[in-house]
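Secondary and tertiary structure notes
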Amino acid sequence: MTVLRLTAESLLSPAERRFAQILAEQMKMRDGITVSDSEVRSWERSLPVVAHDLVEAGLGQVEMLIEYKLPLTSKRADVVLAGVDRRTGADAYVVVELKQWSRAEVWDEDPSRVLVHNMTGKPKLHPALQAKGYTDYIYGFLVELARRPEALHAVAYLHNAARGDVLDLYDAVKDERTLLFTQSTRGAFVDYLRDRFAPAPGRAAADHFLSSEVRPSKQLLAHAARELRDRDQFVLLDEQQLAYQLVLHAVDKARREDLKTVVVITGGPGSGKSVIALSLLGALSARGLSALHATGSKSFTQTMRRHVAKGSPQTKAMFKYFNNFMDADRNGLDVLICDEAHRIRKVSANQYTPARLRTGRPQVDELIDAARVPVFLLDGQQNVRPGEMGTLEQIREHAESKGLNVQHVSLDEQFRCGGSRKYEDWVLRLLGLHEQPAEPWTDDDDFEVSLAESPQEMEALLRSHHERGRTARMTAGFCWPWSNPRKDAGGWEQSLVPDVVIGDWARPWNVKGDRAIGDAPPSELWATNPGGFGQVGCVYTAQGFEYDWNGVILGRDLVYRDGKLMPNRAASRDPALRPKTVTDKEAAELIRNTYKVLLTRGMVGTLIYSVDEETQAFLSRLLR
């Protein structure tokens, strides 16, 4: 972990005047991160201010941990001060979030965000809440601090701002361990530092902080258990209960006999994989066992954090991404629950990954190694991106190469939690993912399937369900461009571009990013926020979610020719399917899997429409 350790005195000494350049060079050498000139200038302006204040307070030997990377995340805190508590003599720490803003005000639409003078783009997170979030996270994962909540405080320091120019930012500062200081209140900041730390070396405290074991704390686990228990929708049936009990038994055995076991739970859409995952997370947390939930999908993880964690920062910390475990301690967790494991990539590294972590190590190995009992929940026919490799066979191969026992439970023998097993089999035949050919749909009392004559008709039918309080969404194959939002004169994203054009009907794709555009919610909330109805979802947004009524537009990347549906990569606008990225055979498989995902999101019924006339005629023969 790259972090520059300097005392306040040494940072200001002639020998360390190049500290900002040294830090930039160190980050590039060890982590492969190229730091911009503006960021170097920001360090040169901000960090000496803190160092001067420490020296003035008589605390020149307090250590400054600069650009501290929070465990299991890519987030970095500007500075963590490490020293000796003036009152108790114990280790003491302060997270300092530095801002060079001169003027800022709370955003009317969301008091947790602020508008910064002369800074374009979306509103920024309130700096005091940002610093508090870092402390909450650190409490949850550094064992060294788990039992001493008083040891870590947070400060937002707007060292270029007068108090009057950021006055309403103080309204959000309500935690006695989180404070806000400005240039006008610099004397108060110096007094705060003097009251917080003793004039003694901070190197031991810094050592303890940086060498602390990383794992979910008992407090975090207890909080997650309270958040997750008593959810009446978490009812497990038949094979679901078998899978749940198998994992708990494997955990008990791992602790009793020091035996590591890999558990793989497979099942199609709606078979209850995520219900099992959340039930396990709650049960294991209640037992005080260290468990985390991880996925490879931003939309799915963000929805878990928002709806399952119910806005709780502590419980949000339980939901991770697959690439958060590149440098995790071996067997550091009791259980790692890998939901949507068909999204596992070949490797975790990407262009932003530190050089020291670009080892070529398979992501599945990182996940297996991270816990005593790694649990994988997957649907082997939902790999929709190049590089995704989460299948039972591949996980078994990697586990057995390590000499590990693999337990497998299939959920496919039981009916869906809604939806229709009969319909899912019909889709597999339709797409050529089953050994049997496509066949006409025959009625199912529990599920409706019909062919829409036009996108207008599909939207009208879905809207009628939506207005009656049922969840309904429309998706499509990635066969149209996906434009960035239109911007107003001030550079703000203002409206979505209606890219999905079929005749005289046009609608926008869902929002690309993590900020709402008008009534359209952020991408990760498209499937769950009512405002998502007005846009067309793509597979990367819809995957992992289910809604009552599902409308699917087949683009020209899947057409009926020579007696069957054939993938046509030339019609795809998906940048992941570029010829240099995947072969024709791989592209065909990914296109089929994409439509398998899109067609199986509905729990009550599905409407289908194809833009290709020959394909529409073929579907009309199957859907009488």
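To start, this report covers the structure provided alongside it. (Residues numbered from 1 in each chain as written. Predicted model: local features only at pLDDT ≥ 70, side-chain atom pairs only at ≥ 80, totals over all residues. Heavy atoms only, no water.)

**Some details on the overall build of the chain**
- In terms of helices and strands, the chain carries 19 helices and 26 strands.
- Burial statistics for the chain: of 624 residues in total, 56% are counted as buried.
- Restricting to contacts in the chain with at least 6 residues of sequence separation, those with at least 24 account for 71%.
- Total accessible area computed for the chain in this model is approximately 26800 Å², and 47% of it derives from carbon and sulfur atoms. (Helix = DSSP H or I, 4+ residues; strand = E, 2+ residues; numbered from the N terminus. Buried < 20%, exposed > 50% of the residue type's maximum accessible area, 1.4 Å probe, protein only. Contact = heavy atoms within 4.5 Å. Areas by Shrake-Rupley, 256 points an atom, 1.4 Å probe, with all protein chains shown as cover.)

**Concerning the sheet that holds strand β6 (residues 110-116)**
- Read from one edge to the other, the open sheet built from three strands follows the order β5-β6-β7, with strand pairing classed as antiparallel. Of all the strands in the sheet, just β5 (104-107) and β7 (124-125) have a single pairing partner and so form its edges.
- Examined bridge by bridge, β5 and β6 share four bridges and lie antiparallel to one another. Counterpart to V106 in the pairing with β6 is V114. (Pairing = 2+ DSSP bridges.)

**A short note on the sheet that holds strand β2 (residues 63-69)**
- A sheet is described by the order of its strands in space; here six strands give the open sequence β1-β2-β3-β4-β8-β9, paired in mixed fashion. At either margin of the open sheet sits one strand with a lone partner, and together these are β1 (4-7) and β9 (178-182). Taken pair by pair, the neighbouring strands of this sheet meet at an average axis angle of 25 degrees, ignoring direction.
- Strands in contact with helix α6 (residues 186-196) are β3 (76-84), β4 (91-99), β8 (152-158) and β9; relative to β8, the strand with the most contacts, it is inclined by about 165 degrees. (Axes fitted to C-alpha atoms, helices over the stretch in contact; angles between N-to-C directions.)

**Describing helix α7 (residues 203-210)**
- Those residues of α7 not exposed but buried are A205, A206 and F209. The arc that holds the buried residues of α7, viewed along the axis, is 100 degrees, so those residues lie on one side.
- Considering only its buried residues, α7 is in contact with β1, β2, β3, β4, α4 (127-141) and α5 (143-146). (Arc of directions from axis to C-beta.)

**Looking at the nonpolar core**
- Membership of the largest hydrophobic core comes to 134 residues, with the highest contact counts inside it found for L336, F376, W426, I553 and Y595.
- Setting aside chain neighbours within four positions, we find I553 in contact with M458, M474, T475, A476, G477, W480, I502, W505, Y595, Y609 and V611. (Core = buried A, V, L, I, M, F, W, Y, C linked by side-chain atoms within 4.5 Å.)

**What about the packing of aromatic side chains?**
- Applying the stated criterion to the full structure yields 17 aromatic pairs.
- Here the aromatic residues Y157, F181, F189 and Y192 are joined through ring pairs into a cluster of three or more.
- Over the face of the ring belonging to W526 we find R473, whose NZ or CZ atom lies 5.8 Å from the ring centre. (Phe/Tyr/Trp six-rings, centres within 6.5 Å; stacked < 30°, edge-to-face > 60°. Lys NZ or Arg CZ within 6 Å of the ring centre and 35° of its normal.)

**Points about the pattern of salt bridges**
- For the coordinates displayed, the defined rule picks out 27 salt bridges.
- Taking the shortest distance from any N to any O, the salt bridge between D334 and R255 comes out at 3.4 Å. Here D334, found in strand β13 (residues 333-338), pairs with R255, found in helix α9 (residues 238-257); they are 79 residues apart in sequence, far enough to count as distant.
- In this structure R255 comes out as exposed when scored by relative accessible area, which is 53%.
- For the salt bridge of R556 with D612, the shortest nitrogen-to-oxygen distance reads 3.4 Å. With R556 in the loop between β23 (547-554) and β24 (558-561) and D612 in the loop between β26 (602-610) and α19 (613-622), this pair connects stretches of sequence that are 56 residues apart.
- Its relative accessible area of 6% is what places D612 among the buried residues.
- Several salt bridges share partner residues, and in doing so they unite R330, R361, D365, D369 and K402 into one network. (Salt bridge = Lys/Arg side-chain N within 4 Å of Asp/Glu carboxyl O.)

**Observations regarding the pairing of strand β10 (residues 261-266)**
- Extensive coverage of β10 is indicated by the burial of six of its six residues.
- On β10, burial covers both faces: T261, V263 and I265 on one face and V262, V264 and T266 on the other are all buried.
- Pairing between β10 and strand β15 (residues 405-410): six bridges, direction parallel. For V263, the partnering residue across the bridge sits in β15 and is Q407.

**Quick word on the environment of K402**
- Looking at the element boundaries, K402 is found in the loop between α14 (392-401) and β15.
- Sequence-wise, K402 and D369 are 33 residues apart; in three dimensions their C-alpha atoms are separated by 9.6 Å.

**Notes on a negative patch on the surface**
- A cluster of acidic residues, D443, D445, D446 and E448, forms a negative patch on the protein surface.
- Looking at the element boundaries, D446 is found in the loop between α15 (421-430) and β16 (448-451). (Patch = residues over 30% accessible without salt bridge, like charges linked within 9 Å, V, L, I, M, F, W, Y side chains within 5 Å. Lys, Arg positive; Asp, Glu negative; His and termini not counted. Charge placed at Lys NZ, Arg CZ, Asp CG, Glu CD.)

**Quick look at unusual backbone geometry**
- One non-glycine residue, N331, lies in positive phi territory at about 55 degrees.
- Note that N331 resides in the loop between β12 (319-321) and β13.
- A relative accessible area of 25% means that N331 is categorised as partly exposed.
- Non-glycine residue E340 carries a positive phi angle of around 55 degrees.
- Within the secondary structure, E340 sits in the loop between β13 and α13 (363-369).
- Classification of E340 as buried rests on a relative accessible area of 5%.

**Focus on α19**
- For α19, every residue scored as buried is listed here: T615, Q616, F618, L619 and L622. The buried side chains of α19 occupy one side of the element, clustering within an arc of 160 degrees when seen end-on.
- Packing partners of the buried residues in α19 comprise α15, β16, β23, β24, β25 (564-567) and β26.

**Examining the environment of L525**
- The residue L525 is located in the loop between β21 (505-507) and β22 (536-537) in this model.
- A relative accessible area of 5% means that L525 is categorised as buried.

**Points about the environment of V449**
- Tracing the backbone shows V449 in strand β16.
- For the pair V449 and L623, spaced 174 residues apart in sequence, the C-alpha separation works out to 7.5 Å.

**Focus on the side chain of N510**
- Counting through the fold element by element, N510 comes out in the loop between β21 and β22.
- A residue is classified by how much of its surface remains accessible, and N510, at 1% relative accessible area, is buried.

**As for the side chain of D369**
- Its place among the elements puts D369 in helix α13.
- In this structure D369 comes out as buried when scored by relative accessible area, which is 4%.
- Residue contacts for D369: discarding those within four places in its chain leaves K260, D329, R330, N331, R361 and K402.

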